[in-house]
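This is what each chain is made of:
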Amino acid sequence: MITDLTKEHPNKTLWRFALPLFISVIFQQLYNIADSMIAGRFAGEHALAAVGASYPITVIFMAFAVGINLGASVVVSRCFGAKNYPDMKTAVSTAFISCAALSAALSVFGYLFCPLMMELIHTPDNIFNDGVLYLNIYIYGLAFLLFYNVCTGIYTALGDSRTPLLFLLGSSLGNIILDYIFVARFHWDVAGVAWATFLAQGVSAVLAVASLFRRLRRLPGKRSALFDRLLFIQIAAIAIPSIMQQSVLSVGNLFVQDIVNRFGSSVIAGYSAAVKLNTFAVNSFMSLGSCLSSYTAQNIGAGRKDRIPLGFWAGVRLALTAAVPFVLFYFGLSRQIMGLFLESRSHEAIRAGMEFLRFVSPCYFMIAIKLMTDGIIRGSGAMKYFVIATVPDLILRIVLANIFSAFFQSTGIWMAWPFGWTATTALTIIFYRKILAEWKTTD
């Protein structure tokens, strides 16, 4: 279902639009968490640590998927808001061609440099080979990852958050079932986790692409061209800063993983489980921010900038509501949650994961507001602000993790998170207010 986000009050349209997308992200993260749970429970602590040690490297590839998702989403949203359907269809084909080229380049990069990156972050010898094995299989499915994310961005741009949800419901259940079969029954260990993800992403990507092209054929007007250089530049103008921002965070996570790796495979295993749970929460808030990006871009395309602050406050209320259960469960039930990933005898791993969750979860209310503000900034195209606001988080998290861990061991690493999030949230709010002031000046 295609939705025009430029008419109804955002309290109605955003909640209705965001809910299916929010649920789809929950299911997407659930099968990521299922990877870790099944690895930890059926293949052991070392398998969980191997998947966890490779995770920051997979996030680098995910940064490109998120970037091209956002670039395609914002440009298609503007064309859709302006009812310029021929250019909108050309923007879609331009995004797909760009995605194919990018996936080829990233696959080559991954094959050549992933083992080196595992060495650079001092991955312990007892989990190194399994970590590299997981990454090699993951790289086979990079094209699926990128194409699926482009489709999701385009569906969001058209105001359709239900179709991606249906794909994810199927792929998430399939991934969990395959995880169990490959790891618990076939005993493929880390390789089984990777192949289950590969197959789930592949099916989801193929179905999403086929469905999207059927949807576009129903819209009026023919594509003006297969590839348009100016539309590509517009997509890149959003995608590249987004990729840079996500990549900077990913590189920062590699430095953090390097610090974590100094404390051995047990702490790595606990951090692996806890950071997946943290990613679950943060990505859920990011999905709501993506709704605000589409809302902002559509309204700018329709000449309705006056609706942006209304959308911002509606988004903030939605995000804060979503943050409540994460804070309650992660802080209050951290031991029970970590027990889902690890056997009771893994005391040190459980302790590390519990400490991480208890340090970061109270800050979810703050980071939820930050990610809603990010959504407005991306949708408006002010990408320089989006990138600049990332830097303090990166620097503070790495520097303070190094300093605090020298005094408080692994606990000191988790203590660095709130400082970085506070700085980046403050900067993002300042930039949002600056954008509003610029609009008042130009109008």
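Preceding this paragraph is the structure being described.
Keep in mind it's a predicted model, so treat the numbers as computed, not measured.

A.B. asks: Which residues make up empty space enclosed by the protein, and what values do they have?
C.D. replies: A probe as big as a water molecule, rolled over the atoms, marks out the empty space that is left. Per the stated rule, a full pass over the model turns up three cavities of 30 Å³ or more. Here the second largest cavity defines a volume of roughly 40 Å³. Broken down by secondary-structure element, the contributors of at least two residues to the lining of the second largest cavity are α8 (229-261) and α15 (391-408). The residue inventory of the lining of the second largest cavity, partitioned by class, reads four nonpolar, two polar and two charged.

A.B. asks: Hey, could you go over the packing of helix α4 (residues 125-140) against helix α7 (residues 189-217) for me, with residue numbers and the actual values?
C.D. replies: It is at 9 Å that the axes of α4 and α7 come closest, and there the two elements cross at 15°. If you check the angle between α4 and α7, you find them roughly parallel. For the element pair α4 and α7, the recorded crossing hand is right-handed. Residues D130, L133, Y134, I137 and Y140 of α4 touch α7, and the partners they reach there are V190, A191, V193, A194, W195 and F198. Of the residues assigned to the contact of α4 with α7, the class counts are ten nonpolar, no polar and one charged.

A.B. asks: Summarise the environment of A416; cite the residues concerned and give the values.
C.D. replies: As for its placement among the helices and strands, A416 is situated in the loop between α16 (410-415) and α17 (417-442). Assessed through its relative accessible area of 0%, A416 is described here as buried. The spatial distance from the C-alpha of A416 to the C-alpha of I398 is 7.7 Å, given a sequence separation of 18 residues. Those residues in contact with A416, other than ones at most four positions away along the chain, are L396, R397, L400, A401 and F404.

A.B. asks: Outline α8, supporting the account with residue identities and numerical values.
C.D. replies: Given a rise of 1.5 Å per residue, 33 residues ought to cover 48 Å, and the 44 Å separating the end C-alpha atoms of α8 matches this to within 8%. The N-cap of α8, judged by a side-chain oxygen 3.0 Å from the amide nitrogen of L230 a few residues on, is D228.

A.B. asks: Can you tell me about the packing of aromatic side chains, naming the residues and giving the values?
C.D. replies: Following the criterion strictly, the structure yields 28 aromatic pairs and no others. Each ring, one from F109 and one from F113, has its centre 5.1 Å from the other, and the planes form 40°; the classification is tilted. Of the two residues, F109 and F113 are both situated in helix α3 (residues 85-120); the distance of four residues between them amounts to about one turn of the helix. Residue class for F109 comes out partly exposed when judged on its relative accessible area of 35%. Each ring, one from F312 and one from W313, has its centre 5.1 Å from the other, and the planes form 70°; the classification is edge-to-face. Looking at F312, the relative accessible area reads 6%, which means it is buried.

A.B. asks: Could you give me a rundown of helix α6 (residues 162-185), with the residues and numbers involved?
C.D. replies: The end-to-end C-alpha distance of α6 is 34 Å, a good match for the 34 Å that 24 residues give at a rise of 1.5 Å each. Restricting attention to buried positions, one finds in α6 the residues T163, P164, L165, F167, L168, S171, S172, N175, D179, F182, V183 and A184. Where α6 ends, the next residue or the one after it, H187, has phi of about 60°, a positive value.

A.B. asks: Tell me about the pattern of salt bridges, and name the residues and values.
C.D. replies: Proximity of charged atoms lets side chains of opposite charge pair with each other. In total, this model carries two salt bridges according to the counting rule given. The residue R351 makes a salt bridge to E355 at a minimum N-O spacing of 3.0 Å. Of the two residues, R351 and E355 are both situated in helix α12 (residues 347-360); the distance of four residues between them amounts to about one turn of the helix. For R351, a relative accessible area of 32% corresponds to the partly exposed category. K370 is paired through a salt bridge with D374; the nearest N and O atoms lie 2.6 Å apart. Placement of both K370 and D374 in helix α13 (residues 364-380) is noted, with a separation of four residues, approximately one turn of the helix. What makes D374 buried here is its relative accessible area of 2%.

Cut-off values and rules
- Residues numbered from 1 in each chain as written.
- Predicted model: local features only at pLDDT ≥ 70, side-chain atom pairs only at ≥ 80, totals over all residues.
- Heavy atoms only, no water.
- 1 Å grid on protein atoms, 1.4 Å probe; cavity = no way out; pocket = protein on both sides within 12 Å on 5 of 7 lines; lining within 4 Å.
- Points joined across faces, edges and corners; volume = space filled by probe spheres on them.
- Helix = DSSP H or I, 4+ residues; strand = E, 2+ residues; numbered from the N terminus.
- Nonpolar A, V, L, I, M, F, W, Y, C, P; charged D, E, K, R; others polar.
- Axes fitted to C-alpha atoms, helices over the stretch in contact; angles between N-to-C directions.
- Parallel < 35°, antiparallel > 145°, perpendicular 65-115°, else oblique.
- Left-handed = near helix turned anticlockwise from the far one by under 90°.
- Contact = heavy atoms within 4.5 Å.
- Buried < 20%, exposed > 50% of the residue type's maximum accessible area, 1.4 Å probe, protein only.
- Expected span 1.5 Å × (residues − 1).
- Polar contact = N/O pair within 3.5 Å; in protein donor to acceptor, adjacent residues only side chain to side chain.
- Phe/Tyr/Trp six-rings, centres within 6.5 Å; stacked < 30°, edge-to-face > 60°.
- Salt bridge = Lys/Arg side-chain N within 4 Å of Asp/Glu carboxyl O.

These figures come from the coordinates and say nothing about function on their own.
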